[in-house]
Amino acid sequence: MDPIDTGSGSILRQPKAVWATAGASVVAFMGIGLVDPILPSIAEGLDATAGQVSLLFTSYFLITALAMLVTGFVSSRIGGRRTLLLGLALVVVFAGLSGTSGSVGELVGFRAGWGLGNALFVSTALAVIVGAAAGGSAAAILLYESALGLGMACGPLLGALLGDASWRYPFFGTAALMAVGFACIAAFLKDQPRPARKTSLLDPVKALGHGGLASTAVSAFFYNYTFFTVLAFTPFVLDMSPYRSGAVFFAWGVLLAVFSVVVAPRLQKLFGSLRVLGGSLVLLAVDVLVLGHGGHTAAVVCTVLSGALIGVNNTVYTELALGVSDAPRPVASAGYNFVRWFAAAAAPFFAPRIEEWSDVHMPFTVAAVTAVLGALVVLVRRRALTAEAEEPRPRHATEEGVGVFAN
């Protein structure tokens, strides 16, 4: 079957509202890896240490984790369109303010506001695309995940191209692109039907009472620590120009996209979800160890290759989280993300400090251990995960955002 043919129609034949939302999604995902190639430049420009600059990720993802309890509450009350516009408006404001920062403290604070806006937007975008897409939800999922991959790949590239002139320009560029996305969604997207039942703030926490969902979230917590050690700490180890660092993470993002959308489903079909997830986590641990203890060339190669393993893990974790319990998918996704995004906030904070306490190799050793811990949780709790792993819900049936904020 043609990759852009979902069986109900081509992914390319979509209403303007779908393209507007998907285009804004690309930019939203770009914002995650945008700062990667310019982290050393930011540290130099603001006279900050690696540990201080890494807090750009910590504040962003800490607010993202907490926002998981809020996004469903907000969207079920004001509707998807208004939630998207609110999220975009916050990103425009805080991305623009990030570019004006006079200190690393200001920049960290503005990134927190950016994280709130991004969480509101991304957690709602897929549900909106599904509601507006032609060709069924399968086409919507494929379009959304394509936007995810494109954004994750192009974020570091945009950061490198604009950041080579000044570390401030990528932030201004993101604000401008998101402003265009805001205008397009305001013009082309109509109000979406609101859910019959409003989501409470505690529903995601209550959903974690299910053993399978809690096990998935705990395993993903350990995995995310490894993931974001690579994303947030590796640029300092590579010590490359913005262009070269951007090229490395562009290749990383391309592999992440291809393995998430194309390779992972095929591996699951051949070997089963739990075997694929456990094996991929162990391989990621090995990859991270070589990254941290090998030479410069090995670090570059292993950084790029980690994108493939991360893409596989993201896809399998998504399906487990959205199908292992009987909770509504938006609620299950919010509870799962509430747990795992704390690791995304912790890794950028602890990795530079572990280096200060020991040496540059130790943060990657710790990251390898957390990847193995994630695999051990899958092994020990496999019975709680087996029902979903063997009979996963169809990916095209999901009604909640996947990708970065549900992976």
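Scroll up a little and you will see the structure.
Residues numbered from 1 in each chain as written. Predicted model: local features only at pLDDT ≥ 70, side-chain atom pairs only at ≥ 80, totals over all residues. Heavy atoms only, no water.

Trainee: Just checking my understanding: could you explain the overall build of the protein for this structure?
Mentor: For the protein, the helix and strand inventory stands at 16 helices and 0 strands. Going through the 407 residues of the protein one by one, you find that 58% of them count as buried. Residue pairs in contact within the protein that sit at least 24 positions apart in sequence constitute 87% of those at least 6 positions apart. Working note: accessible area of the protein is about 15200 Å², and carbon and sulfur atoms make up 66% of it. (Helix = DSSP H or I, 4+ residues; strand = E, 2+ residues; numbered from the N terminus. Buried < 20%, exposed > 50% of the residue type's maximum accessible area, 1.4 Å probe, protein only. Contact = heavy atoms within 4.5 Å. Areas by Shrake-Rupley, 256 points an atom, 1.4 Å probe, with all protein chains shown as cover.)

Trainee: When you look at the packing of helix α12 (residues 273-293) against helix α15 (residues 362-380) in this model, what are you seeing that I'm missing?
Mentor: Each pair of packed helices gets described by two things: the angle between the helix axes and the distance between those axes. Axis separation between α12 and α15 bottoms out at 8 Å; the angle between their running directions is 170°. Put simply, α12 runs roughly antiparallel to α15. In contact with L274, L277, G278, L281, V282, A285, V288, L289, L291, G292 and H293 of α12, α15 contributes F364, T365, A367, A368, A371, V372, G374, A375 and V378. Classifying every residue of the contact of α12 with α15 by side-chain character gives 15 nonpolar, 5 polar and no charged. (Axes fitted to C-alpha atoms, helices over the stretch in contact; angles between N-to-C directions. Parallel < 35°, antiparallel > 145°, perpendicular 65-115°, else oblique. Nonpolar A, V, L, I, M, F, W, Y, C, P; charged D, E, K, R; others polar.)

Trainee: Explain α15 here, please?
Mentor: Side chains that are three or four residues apart share a direction in an α-helix, a result of its 3.6 residues per turn. The terminal C-alpha atoms of α15 lie 27 Å apart, and with 19 residues this matches the ideal 27 Å at 1.5 Å per residue to within 8%. Looking at α15, one finds that the buried residues are P363, F364, A367, A368, T370, A371, G374, A375, V377 and V378. (Expected span 1.5 Å × (residues − 1).)

Trainee: What's the story with the nonpolar core in this structure? I'm lost.
Mentor: The tendency in soluble globular proteins is for nonpolar side chains to be buried as a group. In terms of nonpolar packing, the biggest core is built from 113 residues, with I42, F61, F121 and I185 touching the most fellow members. With sequence-adjacent residues up to four places away left out, I185 is seen in contact with A20, T21, A24, R81, L84, L85, L88 and F121. (Core = buried A, V, L, I, M, F, W, Y, C linked by side-chain atoms within 4.5 Å.)

Trainee: It is not clear to me how the environment of G96 should be interpreted in this structure. Could you clarify?
Mentor: As for its position among the elements, G96 is in helix α5 (residues 80-99). You can call G96 buried: its relative accessible area is 17%. For the pair G96 and A175, spaced 79 residues apart in the sequence, the C-alpha separation amounts to 5.4 Å. Non-local contacts of G96, meaning those with residues more than four positions away in its chain, are made with V91, F171, F172 and A175.

Trainee: Before we go on, may I ask you to explain the packing of helix α10 (residues 211-238) against α12 in this structure?
Mentor: α12 packs onto α10 with a crossing angle of 30° between their chain directions and a minimal axis gap of 12 Å. Classed by the angle they form, the pair α10 and α12 counts as roughly parallel. Every pair of crossing elements has a handedness; the one defined by α10 and α12 is left-handed. On the side of α10, the interface is formed by S219, Y223, T226, V230 and T234, while α12 contributes L281, L284, V288 and L291. (Left-handed = near helix turned anticlockwise from the far one by under 90°.)

Trainee: Whenever I open this one, the environment of L231 confuses me. Can you help?
Mentor: Mapped onto the fold, L231 is located in helix α10. Here L231 falls in the buried class, since its relative accessible area comes to 1%. In contact with L231, other than residues within four places in its own chain, are I32, D36, F57, F249 and W252.

Trainee: Quick question: what am I supposed to make of helix α8 (residues 169-188) here?
Mentor: Taking 1.5 Å of rise per residue, the 20 residues of α8 would be expected to cover 28 Å, and the 29 Å separating its terminal C-alpha atoms lies within 8% of that figure. Looking at α8, one finds that the buried residues are P170, F171, G173, T174, A175, M178, G181 and I185.

Trainee: Would you mind going over the side chain of N224 with me for this structure?
Mentor: Assignment of secondary structure puts N224 in helix α10. Residue N224 is classed as buried on the basis of its relative accessible area of 0%. Contact partners of N224, with chain neighbours within four places excluded, come to R340, W341, A343 and A344.

Trainee: Sorry if this is basic, but what is going on with the packing of aromatic side chains here?
Mentor: Within a pair of aromatic rings, the relevant descriptors are the distance that separates the centres and the angle that separates the planes. A full pass over the atoms with the stated rule returns 17 aromatic pairs. For the ring pair W114 and F171, a centre distance of 5.9 Å and an interplane angle of 75° mean the geometry is edge-to-face. Taken as a pair, W114 in helix α6 (residues 104-132) and F171 in helix α8 lie far apart in primary sequence, 57 residues in all. The pair W114 / F171 is uniform in exposure class, with both members buried. Across the ring face of F349, the terminal group of R353 is positioned such that the distance to the ring centre comes to 4.0 Å. (Phe/Tyr/Trp six-rings, centres within 6.5 Å; stacked < 30°, edge-to-face > 60°. Lys NZ or Arg CZ within 6 Å of the ring centre and 35° of its normal.)

Trainee: I tried to follow the side chain of R111 on my own but got confused; where do I start?
Mentor: Within the secondary structure, R111 is located in helix α6. Reaching out from R111, the side chain makes a polar contact with the backbone oxygen of L56 at a distance of 3.4 Å. Beyond its immediate sequence surroundings of up to four residues, R111 is in contact with G31, I32, V35, L56, F57, S59, Y60 and S98. (Polar contact = N/O pair within 3.5 Å; in protein donor to acceptor, adjacent residues only side chain to side chain.)

Trainee: Hey, could you run me through unusual backbone geometry in this one?
Mentor: Most peptide bonds take the trans form, and the phi angle of most residues other than glycine is negative. In this structure, D47 is a non-glycine residue whose phi angle is positive, near 50°. Looking at the secondary structure, you find D47 in the loop between α2 (39-45) and α3 (50-53). At D239, a residue that is not glycine, the phi angle is positive and equals roughly 50°. Summarising the element assignment, D239 is placed in the loop between α10 and α11 (242-271). Taking relative accessible area as the criterion, D239 reaches 64% and is therefore assigned exposed.

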